[in-house]
Amino acid sequence: MSKQRDLDTSFFGQPRGLSTLFFTEMWERFSYYGMRAILLFYMYYAVTKGGLGMDQATAASIMSIYGSLVYLASVVGGWLSDRVWGSRRTVFIGGVLIMFGHIALSLPFGVSALYVSIALIVIGTGLLKPNVSEMVGGLYSPEDRRRDSGFSMFVFGINLGAAVAPWAVPWAANGFGLNLFHGEMNFHAGFSLAAIGMFFGLVQYVVDGRKYLSKDSLYAEDPIDKESLRPVIIWSVVGVVALVIILGLLAAMGQLNINNIITLITIIAIALPIYYFVMMLNSKKVTKEERSRVVAYIPLFIAAAIFWAIEESGSVVLALFAEQRTVLHIGGWHFAAANFQTLNPLFIMILTPFFVALWDHWKKQPSAPGKFAAGLVIAGLSYVWMALPAMIHGTTAGRVSPFWLVGSWFIVEIAEMLISPIGLSVTTKLAPNAFKSQMMSMWFLADAAGQAVNAQIVKYYSSATEVPYFLIIGAVSIVFGLILCLFVKKIHSLMDGVE
């Protein structure tokens, strides 16, 4: 089998199956980031402008908790693939749910359709995202040198879809440049384009997948037996019953509303990684050496959560700044506030080759904790940067140059280069043998926790509060980064030989 794989060079020197996964994930990211580019505006725009008329704070909070839920669902998606369905079926089911989620948003059924859509896309993305990446690894034998370059091409596909979507979907919502909606926004047309994108991804996946994806992906890696399934079912039922009781109590007290539900999800997103850490540190399956490595991972996890809270704010706080405080033209070129969402994937594509070369040639480069510390400081500076326009011009002086946003995104993506790929790598290295999958889930949970905290603090953002908002959060990141700098050697020693 490995010889056949080595001979398969039909997709730019890579296995043909990479093309299948490349375009599947490209279209999935197109649909997801296209939807995110306009969803916030859809929620808080007035009904007369085609929106739902929510207050801005609630809309921003929903956007943040949405992202948190996606990463919480990824933990379940990885488990279902490994133990029940296998990666190929799990990805397909996820893609179908995502498509129906976008279809729900494309229909004019108001807030009900929004919540149905969120549920479908959260579950669908949780099923698809972690498993399509795992299938890329399955295309290569352990000795195949093309693995790293194959993953690089795959990541390029992810960012390509994410970069194109914030232009295409708002363009559809604005009438395809033909003024079909007489100058008003038709968000449902934009969401329809996102649904079509996911449909293309599914077609590509099903047709090509039968020919070019490994047959191993049809089966669970570690299928669960009836004896092991019993406690999973019991604890799942207990969890559902507990949730129903909590929601029932909130309803009885007249407190069952979207803000309290968001708070409940925030508590779960923070409590879950704490539970994982306690479980691993107290497990008899974890050796003394492995326990030391888990302890070393705790400050890195906290740093990652702080970073993701800032980085993921691009579709929330920075989107509000783009719409309310930014000049939306450069000379005669006019653009939409949603178009700024392209900056995240664009800068990732630009910066990745530079940092790959840097790590390859820098002989005395910082350790992982040192890179995390630098990344946190830089991420904090991206927020300090955003406080400058109001400090210079005031918050009542109207709109400011779009290059403030461009600069902020550029700075935070430098931080991402120091944290995101390094974090993925160090997570796998510090994982105890008995908890390799769970430790990988922790990386997703860092993002979930960061966005869950965001869901609480974004309520305090407005044009009037932007200076203290950006300065305080930026300062928290910088201070924690500086504290982390002081403990780099200690954390590195706890990593016990892991570089």
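A brief look at the structure comes next. (Residues numbered from 1 in each chain as written. Predicted model: local features only at pLDDT ≥ 70, side-chain atom pairs only at ≥ 80, totals over all residues. Heavy atoms only, no water.)

## Details of the overall build of the protein chain
Part 1 of the argument: Scanning the protein chain from N- to C-terminus turns up 17 helices and 2 strands.
Part 2 of the argument: Relative to the globule expectation of 23 Å for 499 residues, the C-alpha radius of gyration of the protein chain, 23 Å, shows essentially globular dimensions.
Part 3 of the argument: Projected onto its principal axes, the C-alpha positions of the protein chain cover 60 × 55 × 55 Å.
Part 4 of the argument: Residues counted as buried form 52% of the 499 residues belonging to the protein chain.
Part 5 of the argument: When contacts within the protein chain are restricted to residue pairs at least 6 apart in sequence, long-range pairs at least 24 apart make up 80% of them.
Part 6 of the argument: For the protein chain, the accessible surface area stands at approximately 22400 Å², while carbon and sulfur atoms represent 69% of it. (Helix = DSSP H or I, 4+ residues; strand = E, 2+ residues; numbered from the N terminus. Rg over C-alpha atoms; globule rule 2.2 N^0.38 Å. Buried < 20%, exposed > 50% of the residue type's maximum accessible area, 1.4 Å probe, protein only. Contact = heavy atoms within 4.5 Å. Areas by Shrake-Rupley, 256 points an atom, 1.4 Å probe, with all protein chains shown as cover.)

## A closer look at the packing of helix H2 (residues 16-44) against helix H7 (residues 187-212)
Part 1 of the argument: Remark: H2 packs on H7, axes separated minimally by 8 Å, with the N-to-C direction vectors making an angle of 165°. Taken as axis vectors, H2 and H7 run roughly antiparallel relative to one another. Of the two possible hands of crossing, H2 and H7 adopt the one that is left-handed.
Part 2 of the argument: Residue classes in the contact of H2 with H7 are distributed as 17 nonpolar, 11 polar and 3 charged. (Axes fitted to C-alpha atoms, helices over the stretch in contact; angles between N-to-C directions. Parallel < 35°, antiparallel > 145°, perpendicular 65-115°, else oblique. Left-handed = near helix turned anticlockwise from the far one by under 90°. Nonpolar A, V, L, I, M, F, W, Y, C, P; charged D, E, K, R; others polar.)

## A closer look at the packing of aromatic side chains
Part 1 of the argument: Counting across every chain of the model gives 35 aromatic pairs.
Part 2 of the argument: With a centroid separation of 4.9 Å and 50° between ring planes, the pair formed by Trp385 and Trp404 is classed as tilted. Of this pair, Trp385 sits in helix H13 (residues 368-393) while Trp404 sits in helix H14 (residues 403-430), and the two are 19 residues apart along the sequence.
Part 3 of the argument: The class of Trp385 is partly exposed, set by a relative accessible area of 29%.
Part 4 of the argument: On the basis of relative accessible area, Trp404 is assigned to the buried category, the value being 15%.
Part 5 of the argument: Following the ring pairs from residue to residue traces out a cluster consisting of Phe41, Tyr42, Tyr44, Tyr45, Phe187 and Phe191.
Part 6 of the argument: The lysine or arginine in question, Lys49, covers the ring of Tyr45, its NZ or CZ lying 6.0 Å from the ring centre.
Part 7 of the argument: Positioned above the aromatic ring of Trp359, the side-chain terminus of Lys371 is 3.9 Å from the ring centre. (Phe/Tyr/Trp six-rings, centres within 6.5 Å; stacked < 30°, edge-to-face > 60°. Lys NZ or Arg CZ within 6 Å of the ring centre and 35° of its normal.)

## Let's talk about the side chain of Glu312
Part 1 of the argument: Its location among the elements puts Glu312 in the loop between helix H10 (288-311) and helix H11 (317-325).
Part 2 of the argument: On the basis of relative accessible area, Glu312 is assigned to the buried category, the value being 10%.
Part 3 of the argument: Discounting chain neighbours no more than four positions away, the residues touching Glu312 are Arg36, Tyr71, Asp447 and Gln451.

## Regarding the nonpolar core
Part 1 of the argument: Counting residues in hydrophobic clusters, the biggest one holds 111 residues, and the most contacted among them are Leu39, Met43, Tyr297, Phe372, Met442 and Phe470.
Part 2 of the argument: Split by domain, the residues of this core number at least three in each of domain 1 (12-220) and domain 2 (286-498).
Part 3 of the argument: With 20 residues, the next largest nonpolar core counts Phe11, Leu21, Val132 and Tyr205 among its residues. (Core = buried A, V, L, I, M, F, W, Y, C linked by side-chain atoms within 4.5 Å. Domains from an automatic or database assignment.)

## Digging into the environment of Leu494
Part 1 of the argument: By secondary structure assignment, the location of Leu494 is in helix H17 (residues 488-494).
Part 2 of the argument: Sequence-distant contacts of Leu494, that is, excluding residues within four places in its chain, are made with Ser292, Arg293, Val295 and Ala296.

## A closer look at the environment of Leu39
Part 1 of the argument: Here Leu39 lies in helix H2.
Part 2 of the argument: Taking relative accessible area as the criterion, Leu39 reaches 0% and is therefore assigned buried.
Part 3 of the argument: For the pair Leu39 and Leu105, spaced 66 residues apart in the sequence, the C-alpha separation amounts to 9.4 Å.

## Let's talk about a nonpolar patch on the surface
Part 1 of the argument: A cluster of nonpolar side chains, Leu229, Val232, Ile233, Val237, Val241, Ile245, Leu249 and Met253, forms an exposed patch at the surface whose accessible area comes to about 680 Å².
Part 2 of the argument: As for its placement among the helices and strands, Ile245 is situated in helix H8 (residues 226-252). (Patch = residues over 30% accessible without salt bridge, like charges linked within 9 Å, V, L, I, M, F, W, Y side chains within 5 Å. Salt bridge = Lys/Arg side-chain N within 4 Å of Asp/Glu carboxyl O.)

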